[in-house]
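Tertiary structure, described
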Amino acid sequence: MIDKTSKKPLKRRDFIRKSLHAVAGLTIGGLAGILFSKSSSEEMVWQLDPNICIQCEKCSVNCVLPHSAVKCVHSYSVCGYCDLCSGYLQPGTKVRDTGAESQLCPSGALKRTYVEDPYFEYTIDEKLCVGCGKCVKGCNSFGNGSLYLQTRHDRCLNCNQCSIARRCPSQAWNRVPASRSYILKGDEKKKFLKS
Amino acid sequence: MRYKSRRSKLFIVALLFLFPLLGLSQVPERVPKPDFETDYIRPDFLTPTPRATALEYIDIGVLIVALFLATYFAHKQRSRQNIFLLMVFSLAYFGFYRKGCICPIGAIQNVTYALFNPAYAIPVFVIVFFVLPLVLALFYGRTFCAAVCPLGAIQDAVVLKPTNVPGGLAAVLSVLPYLYLGLAVLLAATGAGFIICQYDPFIGFFRFGADFNMVIFGLSMLLLGTVVARPYCRFLCPYGVLLNWMSRLSKRHVGITPDECNNCRLCEESCPFGAIKKPDEAAPPANREAEVKKLAFIIVLLPIVVFGSGWIGSRLEIPLSRLHANVSLAEEILLENSGQRTELTDETKAFRASGKPTEELFAEASAIQRQFKVGGWILGGFIGLILCLKLINLFMRRRQSEYYVDKGTCLSCGRCFSYCPYEQVRLGIITPKEAEKMGSKEVKIKQFRA
Ligand code: SF4
Ligand code: SF4
Ligand code: SF4
Ligand code: SF4
């Protein structure tokens with residue numbers, strides 16, 4: 001790589017290259033410095049705020065995972081343990097049976113167990129839940145809102161740009177610090193924030 | 001939200017009627033909490049934790065080791081085979097195991113977002129992923145691209161029959177990464193979203209799933225990649241722009257020959273990425289003045305081009321700002337309020353239920369539009385500047401007497417090494433005498449006569 005035409009431009013070019021090299025180095029260094037001053041050692045993860053969510057069902061289909069990382073969760077401390085659960089039963093169902101046709105959940109993920117008269121406990125089988133939020137909508141309309149959606153961090157890949165977040169019509173999704181990775185309700189919230 | 005008191009039935013009924021007015025944001029406790037008589041205990045609420053931060057530091061470790069090895073294989077060993085093996089490992093680890101997130105390309109947006117949004121605390125390992133490959137490129141060239149980047153690796157693995165992209169077309173296409181970089185930075189800075197991640201063609205393969213359009217895009221990129229080597233790297237990758245800048249200034253960079261070049265032309269066609277430059281036939285001195293004139297002309301033109309394309313950029317304010325959720329929401333609300341549209345969308349329903357004043361949304365939206373106006377000027381000006389610099393570069397041809405790699409676009413992949421007779425000498429395959437014989441006399445004579 002020898003410049004045969006003259007020696008002077010070579011020296012000048014070399015000088016320019018060296019100074020540019022220094023400038024580039026300083027720029028990266030400076031940028032890194034600024035970034036570190038704004039950084040946190042903690043990872044940021046995605047979570048949806050159940051108080052903003054409108055249960056549009058986008059969560060169940062827009063996750064990059066074939067089975068959405070968003071699942072229904074249940075704050076037992078908020079639940080009324082209703083016999084006539086509006087999150088469990090189709091609206092207008094007269095018989096409080098557990099037949100599939102009277103259930104709101106399309107995949108039968110919401111399980112009902114008798115506790116004592118007149119209370120029933122509702123639990124979610126996460127393996128079956130598709131995160132559609134139908135039960136959430138039901139619970140919100142007549143119940144306490146104890147059923148709500150959350151992305152489950154044992155499933156979520158924590159995409160740099162969550163593909164649900166950018167399509168969420170209510171802008172319920174945000175990046176949150178990993179230690180505050182769930183946005184919960186009731187005693188569950190208090191317990192989680194304390195831990 | 002916890003109350004011990006029992007509400008009257010009437011109150012509950014009233015609440016049911018009031019429900020639509022109360023909005024969806026806070027659901028009150030309508031059904032009283034039960035007092036269990038049996039010793040029923042509420043089940044535990046499980047909160048599985050995200051991937052441990054400690055593992056992110058393992059990723060950093062893997063990145064550092066991989067970068068070191070890539071540089072060692074390319075510079076010291078000059079072994080294409082080892083580079084290839086490392087590349088396969090990186091594809092497996094950063095691609096299929098880590099599912100492609102986070103990568104330095106996407107980190108451009110996190111970095112921008114952190115600079116413009118004080119509320120976002122950028123995780124340390126994201127900074128490291130962004131900075132390390134750049135620093136390395138500043139000293140040793142783009143060894144990151146050669147063997148560490150999972151996106152580069154998946155494309156490199158399908159290079160079958162690379163053909164030459166004609167110089168003119170390649171020059172035009174090479175502006176795309178700058179455009180992509182500028183757009184991504186603008187959209188990340190305004191908080192509109194991370195388009196690099198959104199339109200990553202290969203991440204769907206790493207996760208075994210993507211939406212239909214992206215699968216088509218990814219597949220066609222791979223298909224194209226069999227004949228046009230690494231199309232994403234060369235004509236789209238925004239991080240490649242930064243690496244290109246750094247690599248141009250690099251102190252040490254891989255060369256085709258470990259020793260000298262005798263213009264045997266054996267390596268001429270060996271680079272699938274068109275990074276090998278032929279020796280320029282030294283221009284006769286008469287041309288020099290004309291060249292200087294052309295150069296002066298471009299330099300005079302430069303402010304005009306920069307201003308003009310900046311103006312075009314600022315005109316794009318409206319369509320670009322629509323990519324921000326708040327702006328498109330504000331436009332929809334405006335349509336509905338003026339009666340031009342009667343059917344509510346999920347977005348406007350959610351907004352109306354949130355009880356946020358419309359004025360507040362409009363104020364936010366117009367603030368964002370102003371940001372896009374300024375951003376559009378900068379983006380346009382930047383593209384104008386790049387166009388001029390590319391032109392100037394055409395006239396500032398280095399007078400080279402040997403085959404050399406273009407430090408900016410060379411990915412340090414090592415494919416060309418073994419074509420060089422002096423590399424064969426280094427490996428002990430042929431003798432220095434034989435190598436010299438391969439030298440092309442005409443090229444040399446042509447060179448030195450000028
Ligand atoms: S996309 Fe948003 S509004 Fe729709 S269900 Fe998910 S969090 Fe709720
Ligand atoms: S971050 Fe990715 S994996 Fe997690 S919920 Fe969003 S799209 Fe699904
Ligand atoms: S050019 Fe971009 S995509 Fe290609 S290897 Fe380099 S960083 Fe990766
Ligand atoms: S190392 Fe050689 S073959 Fe590979 S990109 Fe650079 S010039 Fe091309």
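Residues numbered from 1 in each chain as written. Chains lettered and ligands numbered in written order. Predicted model: local features only at pLDDT ≥ 70, side-chain atom pairs only at ≥ 80, totals over all residues. Heavy atoms only, no water.

**Here's the deal with the overall build of chain A**
- Of the regular secondary structure elements, chain A holds four helices and seven strands.
- Element order for chain A, N to C, with α for helix and β for strand: α-β-β-α-β-β-β-α-β-β-α.
- Relative to a compact globule of 195 residues, whose C-alpha radius of gyration would be 16 Å, chain A shows 27 Å and is clearly more extended.
- Taken over 195 residues, chain A has a buried fraction of 53%.
- Intrachain contacts of chain A at a sequence separation of at least 6 include 71% that bridge at least 24 residues.
- Accessible surface for chain A amounts to roughly 9,300 Å². Of this, 61% is attributable to carbon and sulfur atoms. (Helix = DSSP H or I, 4+ residues; strand = E, 2+ residues; numbered from the N terminus. Rg over C-alpha atoms; globule rule 2.2 N^0.38 Å. Buried < 20%, exposed > 50% of the residue type's maximum accessible area, 1.4 Å probe, protein only. Contact = heavy atoms within 4.5 Å. Areas by Shrake-Rupley, 256 points an atom, 1.4 Å probe, with all protein chains shown as cover.)

**Quick look at the interface of chain A and chain B**
- On the side of chain B, 80 residues touch chain A, which itself brings 75 residues to the contact.
- On inspection of chain A and its partner chain B, the count reaches three salt bridges.
- The residue aspartate 44 of chain B makes a salt bridge to lysine 191 of chain A at a minimum N-O spacing of 3.9 Å.
- Linking chain A with chain B are 18 residue pairs in polar contact (both at pLDDT 80 or more).
- Taken together, the elements giving at least two residues each to the side of chain A that touches chain B come down to α1 (8-37), β1 (39-40), β2 (44-48), β3 (70-74), β4 (110-116), β5 (119-124), α3 (134-142) and α4 (186-194) of chain A. (Salt bridge = Lys/Arg side-chain N within 4 Å of Asp/Glu carboxyl O. Polar contact = N/O pair within 3.5 Å; in protein donor to acceptor, adjacent residues only side chain to side chain.)

**A look at the UniProt feature "transmembrane region" (unreviewed entry) in chain B**
Residues and elements named next belong to chain B.
- Per the UniProt annotation, the sites labelled "transmembrane region" (unreviewed entry) are residues 54-74, 83-108, 120-140, 178-196, 202-224, 295-313 and 374-392.
- Helix makes up 77% of residues 83-108 and strand 0%. Its end C-alpha atoms lie 26 Å apart.
- The annotated region residues 374-392 carries 100% helix and 0% strand content, and the separation between its end C-alpha atoms amounts to 27 Å. (UniProt positions renumbered as here; feature names shortened; annotations may be inferred.)

**Brief notes about the site of ligand 4**
- The environment of ligand 4 is formed by Cys271, Phe273, Ile276, Val405, Cys410, Leu411, Ser412, Cys413, Gly414, Arg415 and Cys416 of chain B.
- Of the residues that constitute the shell around ligand 4, the class distribution is eight nonpolar, two polar and one charged. (Near = heavy atom within 4 Å. Nonpolar A, V, L, I, M, F, W, Y, C, P; charged D, E, K, R; others polar.)

**A short note on a nonpolar patch on the surface**
Residue and element names in this part refer to chain B.
- A contiguous nonpolar surface patch, about 640 Å² in accessible area, is contributed by Phe307, Trp311, Ile312, Val374, Trp377 and Ile378.
- Looking at the nonpolar patch, the elements with two or more residues in it are α15 (286-315) and α19 (358-395).
- Examined against the element boundaries, tryptophan 377 turns out to sit in helix α19. (Patch = residues over 30% accessible without salt bridge, like charges linked within 9 Å, V, L, I, M, F, W, Y side chains within 5 Å.)

**Details of the side chain of serine 163 of chain A**
- Mapped onto the elements of the fold, serine 163 of chain A is located in the loop between β6 (147-151) and β7 (173-177).
- We classify serine 163 of chain A as buried; its relative accessible area is 11%.

**Remarks on helix α12 (residues 212-227) of chain B**
Residue and element names in this part refer to chain B.
- Helix length check: α12 (16 residues) gives 24 Å between terminal C-alpha atoms against 22 Å at 1.5 Å per residue, within 8%.
- Met214, Gly218, Met221, Leu222 and Gly225 are the residues of α12 that are buried. For α12, the arc enclosing every buried residue in end-on projection is 95°, short of the 170-degree limit, so these residues lie on one face. In α12, the exposed residues that point more than 90 degrees away from the buried face are Phe212, Asn213 and Leu223.
- On its buried face, α12 sits against α7 (150-156), α10 (195-198), α11 (203-207) and α13 (231-235). (Expected span 1.5 Å × (residues − 1). Arc of directions from axis to C-beta.)

**What about the site of ligand 1?**
- In the vicinity of ligand 1 lie 13 residues, with Cys53, Cys56, Cys59, Cys168 and Ser170 of chain A positioned nearest.
- A breakdown of the residues in the shell around ligand 1 according to their chemical character gives nine nonpolar, two polar and two charged.

**Some details on the state of the cysteines**
- The full count for this structure, using the stated rule, is zero disulfides over all chains.
- Of all cysteine sulfurs in the structure, the one in cysteine 264 of chain B sits closest to cysteine 420 of chain B, which takes part in no disulfide; the separation is 6.0 Å. (Disulfide = S-S within 2.5 Å.)

**Some thoughts on the confidence of the model for chain B**
Residue and element names in this part refer to chain B.
- On average, residues of chain B score 86 in pLDDT, and 89% of them are at 70 or above.
- Every residue in residues 1-27 scores below 50 in pLDDT, and together they form 38 contacts with partners more than four places removed in sequence or on other chains.
- In this model residues 442-450 is a low-confidence stretch, pLDDT under 50, and it forms 13 contacts with partners more than four residues away in sequence or in other chains.
- Here the predicted complex scores 0.87 on pTM and 0.86 on ipTM. (pLDDT = per-residue confidence, 0-100.)

**Details of the packing of helix α9 (residues 176-189) of chain B against α19 of chain B**
Residues and elements named next belong to chain B.
- Close contact between α9 and α19 brings their axes to 10 Å; oriented N to C, the two are set at 160°. Between α9 and α19, the crossing angle belongs to the class labelled roughly antiparallel. Crossing angle aside, the handedness with which α9 passes α19 is right-handed. Across the interface between the two elements, Tyr178, Leu179, Gly182, Leu183, Leu186 and Leu187 from α9 touch Phe372, Gly375, Gly376, Leu379, Phe382, Ile383, Ile386 and Lys390 from α19.
- Broken down by class, the residue content of the contact of α9 with α19 amounts to ten nonpolar, three polar and one charged. (Axes fitted to C-alpha atoms, helices over the stretch in contact; angles between N-to-C directions. Parallel < 35°, antiparallel > 145°, perpendicular 65-115°, else oblique. Left-handed = near helix turned anticlockwise from the far one by under 90°.)

**Some details on the environment of leucine 222 of chain B**
Residues and elements named next belong to chain B.
- By the element assignment, leucine 222 lies in helix α12.
- Here leucine 222 falls in the buried class, since its relative accessible area comes to 15%.
- Taking C-alpha positions, leucine 222 is 9.3 Å from tyrosine 232, a pair spaced ten residues apart along the chain.
- With near-sequence residues (within four places) excluded, leucine 222 lies in contact with Ile154, Val158, Phe202 and Phe205.

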